[in-house]
Amino acid sequence: MMTGAFRYLVFALAIVLVRCASLETEKLDQIEPIPKVYSEEEAVTFYNNFNEQIKVYCNRNSLARWNYDSNITDFNLQRKLEEGAAFAKFKKDSWQELIKYPWKYFNDPELKRKFKLSSVLGTAALSEDDFKRLDTIISDMKSTYSKAKICSFQDSTKCDLNLEPEITELLKVSRNHEELRHIWIEWRRNSGEKVKETYKEYVTLKNKAAKLNDYADNAALWLGNYETEDFRDQISALWVQLKPLYQQLHAYVRRHLRLKYGEEVVKAKGPIPAHLLGNMWAQTWGNIVDFMLPYPERQSTDVTPNMIKQGYTPLKMFKLSEEFFVSLNLSAMPESFWEKSILEKPTDGRDMVCHASAWDFCDSMDVRIKQCTVVNQKDLNTAHHEMGHVQYFLQYKHQPNIFQRGANSGFHEAVGDVLALSVSTPKHLRAIGLLEESASEADKDAEREATINYLFSIALNKIAFLPFAYQMDLWRWDVFEGKTTPENYNCHWWRLAEQFQGIEPPVDRSEEDFDVASKYHIIADVPYIRYFVSFVIQFQFHKGLCQAAGQLENNAPLHECDIYKSTKAGNLLGSMLQLGQSKPWPDAMEVITGQRNMDASALREYFAPLEDWLRAENERTGEFIGWEKSDKCEFLIVLIFQFGLCLIYLL
């Protein structure tokens, strides 16, 4: 028999055991369930479903953006914002599921790459309110840019001059430096100056999105797209490689501008005034070739007059470009392309974004171009550039959505330009009847002089562009990283323009101005270093394709190569385009060039005859190479100093 004390002890122990069991149950209830470990097979099923859904959302978003950019109305803006928000929500919801998969440990390299690229959410990582606000800001800035108009220099009551085509044409033909200065100032007053406050908020939201994607800032996110840790160093090294050629071109052009406008306007050792270079942003100088061609008595390779004489239309220009691609055994445009593209500016008075652009509607069928085409050689080259984008779309349309993009952004920009290098050769222009046979073709001196003229004309657009393309994103990287604050936006831009381009504004500038935002890509949220990359690698591609076409045998010069009708070159190019972004860009580059790095050697080889000629000519005329410091964005410091002295005096 149990004593009373013993029974009490047993009862107490039983209570304790029951209570402990209850506590354990409570603890177990509080423990989160172990997350499911997804297999690679389940990941394949998930991603295939995700890929089909994202194509639908992407298509609807692209259609809404097209409708707005081609007809700027409040209704189209609202639809664009709604579709953009819906697309962002889908990507964010899908991303939250996608990151549950242990993709870093997948065995299938293609599946692993799909998840890796899809794991960067971009601006969709923002809250719904922040995303809508950012989208609205960009749309408002684009609207300001697209609707900007200026008054005529000759008639101050005529205030309906658009950037395209009126202002662009004036910059091309006017040689009145006061009129050019008026155009330069007024465009910036009516575009960039109006968005400075808005741009500050844009920077804040872009950096917020980058941090939500585990990047330090938006500069790091943009650079991360190139999948190369030392990408900035590579770009810097390329500029070092290119700078000597640019400086020789700069010195020669400055001399002829000085001869044209006088020492008071263009200093012998100073930066070039930006308004004199024939382009709103001084990014290309081809429009001023008429008074500085090395050998003006030789035949011009500008075929604009012949295009007009032969009845060229925007449609005919794009058909000519299509025929070049088809001659390489690449794809013709689908019929819907010709039905839905906008190839010239509508005459119904609508406001639209006239900046040339190529569009992929994410369904492997619908591709378009929007371009306010003018019949001239410049726009013929632009047509080939935009058609190059579309050819890329068509070649990688079989890839999953995440791979339907260029190996890097510079690849996409380079494709059409590679073909334009062939199209612009005198040999090709003669073959298609746009350039007459030269009577002095057999004359070696005449042939050499014609070659210098041709390369000089190309250099005014290709070489002059390089520092501009570099400094555009140098400025933005500094802004996103916080190195450049809003109080220094404008002067920092002009410090870079002086350092790299060797140009200065035609009048004093201050932080009341916002000149960098007079350029579309700044306010439209389009990274620009892709164009610098493109202008380098297109010459690498050109050399690789020319070798495949057998055009460089017996030391034939690179600048004379025309790959027209070479199916070997076309098949090689197609094999690279079909990869899309399924492989890192060095793999894609190796397909055509045999190289895995960006290298400016092919570019220097292409322009070698011109570079030798420029060096000799600049030595002959005693031209100063480089430029001395400008003071056009330092006057505010002087004013502040003078104000301080006045204040001290009054006190």
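Residues numbered from 1 in each chain as written. Predicted model: local features only at pLDDT ≥ 70, side-chain atom pairs only at ≥ 80, totals over all residues. Heavy atoms only, no water.

- The name given to the chain in an unreviewed UniProt entry is Angiotensin-converting enzyme, with Cloeon dipterum as the source organism.
- The record held by UniProt for the chain lists under Catalytic activity (unreviewed entry) the comment "Release of a C-terminal dipeptide, oligopeptide-|-Xaa-Yaa, when Xaa is not Pro, and Yaa is neither Asp nor Glu. Thus, conversion of angiotensin I to angiotensin II, with increase in vasoconstrictor activity, but no action on angiotensin II."
- Per UniProt, the comment on the chain under Sequence similarities (unreviewed entry) is "Belongs to the peptidase M2 family." (UniProt positions renumbered as here; feature names shortened; annotations may be inferred.)

Quick look at unusual backbone geometry
Moving on, step 1. Note the cis peptide between E164 and P165, where omega equals 5°.
Moving on, step 2. Within the secondary structure layout, P165 lies in helix α6 (residues 163-173).
Moving on, step 3. One non-glycine residue with positive phi stands out, namely D214, at about 70°.
Moving on, step 4. Here D214 lies in the loop between α8 (196-212) and α9 (218-224).
Moving on, step 5. Owing to a relative accessible area of 73%, D214 belongs among the exposed residues under this scheme. (Helix = DSSP H or I, 4+ residues; strand = E, 2+ residues; numbered from the N terminus. Buried < 20%, exposed > 50% of the residue type's maximum accessible area, 1.4 Å probe, protein only.)

Looking at the environment of K260
Moving on, step 1. Along the chain, K260 falls in helix α10 (residues 231-261).
Moving on, step 2. Between the C-alpha atom of K260 and that of F291, which follows or precedes it by 31 residues, the distance is 8.1 Å.

Focus: the pairing of strand β2 (residues 357-360)
Moving on, step 1. In this sheet, strand β3 (residues 367-370) lies alongside β2 in antiparallel orientation, the contact comprising four bridges. Each bridged residue has a counterpart across the sheet, and for A358 the counterpart in β3 is I369.
Moving on, step 2. If you look at the hairpin formed by β2 and β3, you'll find six residues sitting between the two strands, and C362 has a positive phi there, around 70°. (Pairing = 2+ DSSP bridges.)

Details of a negative patch on the surface
Moving on, step 1. A cluster of acidic residues, D443, D445, E447 and E560, forms a negative patch at the surface.
Moving on, step 2. One can find D443 in the loop between α16 (426-431) and α17 (444-462).
Moving on, step 3. Residue class for D443 comes out partly exposed when judged on its relative accessible area of 37%. (Patch = residues over 30% accessible without salt bridge, like charges linked within 9 Å, V, L, I, M, F, W, Y side chains within 5 Å. Areas by Shrake-Rupley, 256 points an atom, 1.4 Å probe, with all protein chains shown as cover. Salt bridge = Lys/Arg side-chain N within 4 Å of Asp/Glu carboxyl O. Lys, Arg positive; Asp, Glu negative; His and termini not counted. Charge placed at Lys NZ, Arg CZ, Asp CG, Glu CD.)

Here we look at the packing of helix α22 (residues 567-577) against helix α23 (residues 585-593)
Moving on, step 1. Interaxial distance between α22 and α23 falls to 9 Å at its minimum, and their mutual angle equals 175°. Between α22 and α23, the crossing angle belongs to the class labelled roughly antiparallel. From α22, L572, L573, S575 and M576 reach across to α23, where they touch A588, V591 and I592.
Moving on, step 2. A per-class count over the contact of α22 with α23 returns six nonpolar, one polar and no charged. (Axes fitted to C-alpha atoms, helices over the stretch in contact; angles between N-to-C directions. Parallel < 35°, antiparallel > 145°, perpendicular 65-115°, else oblique. Contact = heavy atoms within 4.5 Å. Nonpolar A, V, L, I, M, F, W, Y, C, P; charged D, E, K, R; others polar.)

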